[in-house]
Every structure is written in C-alpha cells, then in structure tokens.
Amino acid sequence: MTAALETSGLGKSYGAVTALGSLDLLIPKGMVYGVLGPNGAGKSTLVRMVLGLVAPSRGSFQLLGQSAIHASVLRRVGAMIEAPSLYPFLTAREMLQMAARMSGFREAGRVDAVLERVGLADASSRKARTFSMGMRQRLALGAALLARPELLILDEPTNGLDPAGIQDMRTLVRDLVEKDGVTIILSSHLLDEVEKVCDRVAILNKGALIAEGRVADLVSGRSAMFISASPIEKALASAGARARPQGDGLIVDISREEAPALIRALTGAGIDVFEARWLTQTLEDVFLSSTGAP
Amino acid sequence: MIGQAFGAELFKLSRNQWSLFWAFGFLPAFVLVAGIAEETLARTYVGDALPYANPVRYAYDGLGTMQPSIFQLFAILGAGILFAGEYRWETWRAILPRNARTAIMIAKLLLFALAAAASILACGLARWFVGLLDAALTGRADAQANSLIGLLTGFAGAFLQIMVTGALTMLTAVVSRSLMAAIVAPVMILVALDLSGLRFRLETGDPWLAALPNFAGRAIREAGLAFMGEPDAIGVHLAGPSAMAMAALTVLFAVTAIVLFRAQDLSRE
C-alpha cells in the first residue's frame, strides 16, 4: 500500500534562510495526520511544495505514489491552505463551478451536494466578497472537497469558525476518513483540535522534524505521578532523585509498574499518603516541550 | 488541459462583468455613442459636408480604434486582470493544483485574444453603424472602397498590435506579481513609443520601424487602405515584415512569461 505522502530529505531555502531543513516523513493513507509547529516551522512551505506551488531546494517526495508532480496527481488532492483563496466577484456556486471546470471534473449535482455539506446551500447565490471569514473558510473547504479527493490537505481549517462550526468541521473530518476513505493532512495551531481528530502527528520546529508518532503514544510518553504526602521532606527523601516538590505533595517521574512499590515504600516508612494520581499529558505539553517554548 | 483551463477562465471573466465591460466593452460603446454624437453635432452646426457616406470605410476606421495608446489602456486593463488578477486575489493556489501552469497561461492568452478580437470587431461594427446612419441621412452610400481583404488587413493590424500589448502585460504581470505594475509598465512603454512618433516617420520607410508596434500596426493599416483603393497609402512595403515582427514579439513575450512562471515560487502570490 503506497503512502499518501513520503518525503526524503525534502527541504527549501530562500537564499540564506532555511524554511524547511531536510524532512523525512511518511504519511500513511486512511488517517488524519496532523502537522504541528509554531510560526515559521515550515508547515506551509511543506504544503506548498507538495502542491507544486514552490520548488524544493533539495530532496524529493512522492505524492500518492507519484514522484512526478503534475496536474493528473494533484487533481486527486484537495487543498485549503492558509487564508481562503476566493474570487470576490464569484458567488459560492460559481466558485465551485469554476473549480470544477478548471479540474475537468463533471458530476451532475455535485456542486449542490458540496454546498449542502459545507452548510452554504442558503448562501449559494451570494458573492464571496460578502462572506464572513467562517463562510469563506467553508467555501474554500467545499472547493477542496469538490472533485472527491483521495487526499485532503487542510491548513488551519477552523480559523474563523464559531464553536458549532468547529464541531461540524471535526465531525466532517472524521466522516471523510472513516466513511469516505479520504486521507487528511491537517495543519493547525489549535492543539486541542488536533488531539481530538488526528491519529498521528508530526511536530516541526525551525524547519526540522522534532517529534512524530501516534497521538496516544506521544501524550503517554512522559509518565508522572502526583503524591500528596506528609511529612513532605521525608517523602522526597524516600522517593529519591526522581521526585520534586509540588505544592503540598511531590511529583515523581515513574512508570506505571513502579507505582505500587513506591507507595508501599512511602507508607512503610511511616509517611501518610493522602492522594496519588497520574498526571496526564496533553498534546500541548508535548508540543511546548518539543519546541522549547516557555 | 488547455481546453479545461480556457473554459474556466472564460467562465470567470464572464462573471467579472464590471471588469469585462471596462476592458473590452466600453470602447465599442464609446465609439458608437461618440459617432452618433459627432454626426448629430456635425449636421446641426456644419451641415452635410459630403454628399455621400461610405459605411465600409467607417467600419475600417472603427477597426483601428484600439491602435492609439490611450485606447489600448482598456485592453491593458483587461490583460492585467487576466494575468495579474491571480496575484492580486492570491488565487493561484486555488487553481494551480487543478491544472498545469503552462496550460493556464496559454488559456489566459487565448482568452485575451478572443476578447480583444471581439472588442476590435465591435468597434468596427459600431463605426459601421454610424456610417449607415450617415448614409441614411445623406441619402447616398458610396459603393467604392468595399474590400473584404482591406477590412481583414485592417483588423489584422489592430489585432496583432493589441496582442503585442497583451503579451507584454502578461510578462510584466509575472515579473512584478502586481496588477498595478502590470498596467502601468505597458502604458509607460506605449507612451515612450508614441513619443518616438515625434522623431520618426513611417513615410521614411525605414525597415526597423516594423519592430515598433505602433509603426508596425500603422503600416499594416496603410496596406489595408491600399487594398481599399486609397492612392496615398504609405509604408505599405513594411506591412509584411511588420506582421511578422508583431507575431514574433507576441510569441517572445508570451513564451518568456510562461518560462518564468513555470519556475516561479508561489510562496506568497
């Protein structure tokens, strides 16, 4: 089974500035793959190279199994990158009709179905210039979905959406993967969103890949337990170098298997243990610790 | 690919009605209204200066409406919208993944050619209508100088000249990535060419004048006049080289634009 996207030493430089260093990445088909990173990490550069908008300075990549990137491959990809890209003088319906003509895509009723799916059926005759940011975002998504893509690339898809719209987007993304078999590459700063919808993530920083894996594995990579105990000094001494004070207790970096022995040791040493709970790590914690952000 | 891109570009331009009117529709409308006003005023204040009118000669003059630089501004506006509009609206990223870069640029150039040709023909028709009005009021139409070859030659001169301008606008749009620059730069070049008309004369018959679109266009129009029986046509021998020079300039500008565009990084449109 071919990957949706496979990069090998892929990079881009603008003069002395390196936008993307040398990226080795494999994005399997059939999942939502998150690409995370702070501003300037190289996410948009990666997407633009994949879509043929920017030529790589080094390395290579295969998109849907094809190394030569031309329109026949790109027509199997739907993309919504950065701010919605719309013609102000076209209505929502005309925008989709134009996109279909440009792609050579013909399917009766598809434009209406897409307008319905992205919630713009009632605004189909309005010019794009009158749209709110959220509506523009929905229309750009509709254009990306129009030609039934195998791979969908979404860059900050929830920008400008209200809470209901964000919920709709989350449902749509999961439906596309689970019901329609679409592979989705999702770039976002909303880590909570990514954690909820993505199966795997890659974290980029300053043009380099610094972490990659299943979301569940990344957030469970660091295991720590908070223990409320007294006297605290005696508990710290008993737990050893793995422990540090935190409020009225201590945090101990231990694995799940070590926990019962530690608690037995504390109580055996005459220390009162009032509470012991695992500290769950969010993707935001992983992101911040990986990128070195404060 | 080119056919699909042409269909999409045609659809897009047909929906951009304000730009479509000012770029390609205003001039024919102006020619018609100004011609009717001219006839009305002339008859009111001067009277019937000539006892006959020739609608075909009127049409011939109408076909050349776009040749002065000031009137080419409208076509430059149209070309600017076609070629630089994608940079202005940051829409290259919306269409490039759907079609090939070369196909889209060729489709845009073909659409410009179609729209410019329609606009030139509409100017000719508008002026022909004014000629018919004149003939009706005069009561006599001059049957002389009705040469289809002459009309076609006049059309070809105007069309080739406007295509050079369109291709130049295409090139400046790609290089500058700016709608404003894509319009201003060709206008400045046309003004410079017009100023050269103060120093050089087609009457001299210098062969190198065929390389300047304003002289080349006029040489072809003069050849058209000769076909229509005009005895005082000048520089007719330059018509052939002028046509070839303008076709070559159009191809040169367009191919350069396409080559540059194919290699252009669109990290930001």
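Starting afresh in each chain, residues are numbered from 1 along the sequence in its written order. Numbering of ligands from 1 and lettering of chains from A proceed in the order in which they are written. Local features in this predicted model are restricted to residues of pLDDT 70 or higher, and side-chain atom pairs are both shown and tallied only at a pLDDT of 80 or more, whereas totals for entire chains, interfaces and linings draw on every residue.

(A) Just the nonpolar core, in detail. Counting 162 residues, the largest nonpolar core has A:Met95, A:Leu96, A:Leu139, A:Ile184, A:Leu186 and B:Met170 as the members making the most contacts within it. Take this core: its biggest share by element is 15 residues, from helix α7 (residues 148-176) of chain B. Contact criterion: two residues are in contact if their C-beta atoms, reconstructed from the backbone, are within 7 Å. Once residues lying within four places of it in the same chain are set aside, the contact partners of A:Leu139 are A:Pro84, A:Leu86, A:Ala92, A:Met95, A:Val118, A:Leu120, A:Ala128 and A:Phe131. Counting residues in each nonpolar core, the second largest holds eleven residues, with A:Met225, A:Ala235, A:Val252 and A:Leu262 among its members. Any set of buried Ala, Val, Leu, Ile, Met, Phe, Trp, Tyr and Cys residues joined through C-beta atoms within 7 Å is what this text calls a nonpolar core. The exposure scheme places C-beta atoms from the backbone and then counts, for each residue, the other C-beta atoms within 10 Å of its own, assigning buried at 20 or more, exposed at 12 or fewer, and partly exposed in between. The helix count covers DSSP runs of H or I at least four residues long, the strand count covers runs of E at least two residues long, and both are numbered beginning at the N terminus.

(B) Inspection of the sheet that holds strand β2 (residues 17-27) of chain A at higher detail. Residue and element names in this part refer to chain A. Strand pairing is assigned whenever DSSP detects at least two bridges linking the two strands. The strand order across the open sheet formed by three strands is β2-β1-β4, and the pairing between neighbours is antiparallel. Strands with a single pairing partner mark the edges of an open sheet, and in this sheet they are β2 and β4 (58-63). Ignoring strand direction, the axes of neighbouring strands in this sheet form an average angle of 20 degrees. Summarising the sheet, strand β1 (residues 5-14) and β4 pair through five bridges and their orientation is antiparallel. Note that in β4 the partner of Gly11 across the bridge is Arg58. Axis geometry follows a simple rule: fit a line to the C-alpha atoms, using only the stretch in contact for helices, then measure angles between N-to-C directions, giving values from 0 to 180 degrees.

(C) Structural detail: the domain arrangement of chain A. What fixes the domain bounds is an automatic or database domain assignment. According to the domain assignment, chain A contains domain 1 (5-218) and domain 2 (221-280). The C-alpha-based centres of domain 1 of chain A and domain 2 of chain A are spaced at 45 Å.

(D) Main features of helix α1 (residues 43-50) of chain A. Residue and element names in this part refer to chain A. Along α1, eight of the eight residues are buried, which leaves the element largely enclosed by surrounding structure. If you check which residues of α1 are buried, you get Lys43, Ser44, Thr45, Leu46, Val47, Arg48, Met49 and Val50. Of the residues trailing α1, Gly52 is marked for its positive phi of about 80 degrees.

(E) Quick peek at the sheet that holds strand β7 (residues 183-187) of chain A. All names here are of chain A. Read from one edge to the other, the open sheet built from six strands follows the order β5-β6-β7-β3-β8-β9, with strand pairing classed as mixed. Each edge of the open sheet carries a strand with a single partner, namely β5 (77-80) and β9 (208-214). Direction aside, neighbouring strands of the sheet carry axes that sit 15 degrees apart on average. Its contacts with the sheet place α1 against β3 (32-36), β6 (151-155), β7 and β8 (200-205), and it is angled at close to 145 degrees to β6.

(F) A look at unusual backbone geometry. Residues and elements named next belong to chain A. Each neighbour pair has its own omega, and for Ser230 with Pro231 the value is 0 degrees, a cis peptide bond. Positionally, Pro231 belongs in the loop between β10 (224-230) and α9 (232-239). Even without being a glycine, Leu64 presents a positive backbone phi close to 50 degrees. Examined against the element boundaries, Leu64 turns out to sit in the loop between β4 and α2 (71-74).

(G) Highlighting the pairing of β9(A). The pairing of β8(A) with β9(A) spans six bridges and is classified as antiparallel. If you follow A:Asn205 over to β9(A), its bridge partner there is A:Ala208.

(H) Molecular detail of the confidence of the model for chain B. How sure the predictor is of each residue is captured by pLDDT, a score from 0 to 100. Per-residue confidence for chain B gives a mean pLDDT of 89, with 95% of residues at or over 70. The least confident element of chain B, judged by mean pLDDT, is helix α9 (residues 213-227) of chain B at 87; the most confident is helix α1 (residues 2-15) of chain B at 96.

(I) Focus on the interface of chain B and chain A. Of the residues lining the interface, 23 residues belong to chain B; the matching set on chain A comes to 27 residues. Mapped onto the side of chain B that touches chain A, the elements with two or more residues apiece are α1 and α5 (92-95) of chain B. The leading source of residues in the side of chain B that touches chain A is α1(B), at seven residues. Amino acids outside the nonpolar list (Ala, Val, Leu, Ile, Met, Phe, Trp, Tyr, Cys, Pro) and the charged list (Asp, Glu, Lys, Arg) are all regarded as polar, and Gly is one of them. Its residues assigned to classes, the side of chain B that touches chain A comprises eleven nonpolar, six polar and six charged.

(J) Inspection of the packing of α7(B) against helix α10 (residues 239-262) of chain B at higher detail. Residue and element names in this part refer to chain B. Here α7 crosses α10 at 20 degrees, and the two axes come no closer than 8 Å. As far as their axial angle goes, α10 and α7 are roughly parallel. Judged by the sense of rotation from one axis to the other, the crossing of α7 with α10 is left-handed. Within the contact between the two elements, α7 uses Ala156, Leu160, Gln161, Met163, Val164, Ala167, Leu168, Met170, Leu171, Val174 and Val175 and α10 uses Ala243, Met246, Ala247, Leu249, Thr250, Phe253, Ala254, Thr256, Ala257, Leu260 and Phe261. Here the residues of the contact of α7 with α10 are counted per class, giving 19 nonpolar, three polar and no charged. We call two directions roughly parallel when the angle between them is under 35 degrees, roughly antiparallel when it is over 145, roughly perpendicular when it lies between 65 and 115, and oblique otherwise. Should the near helix be turned anticlockwise from the far one by less than a right angle, the crossing is left-handed, and should it be turned clockwise, the crossing is right-handed.

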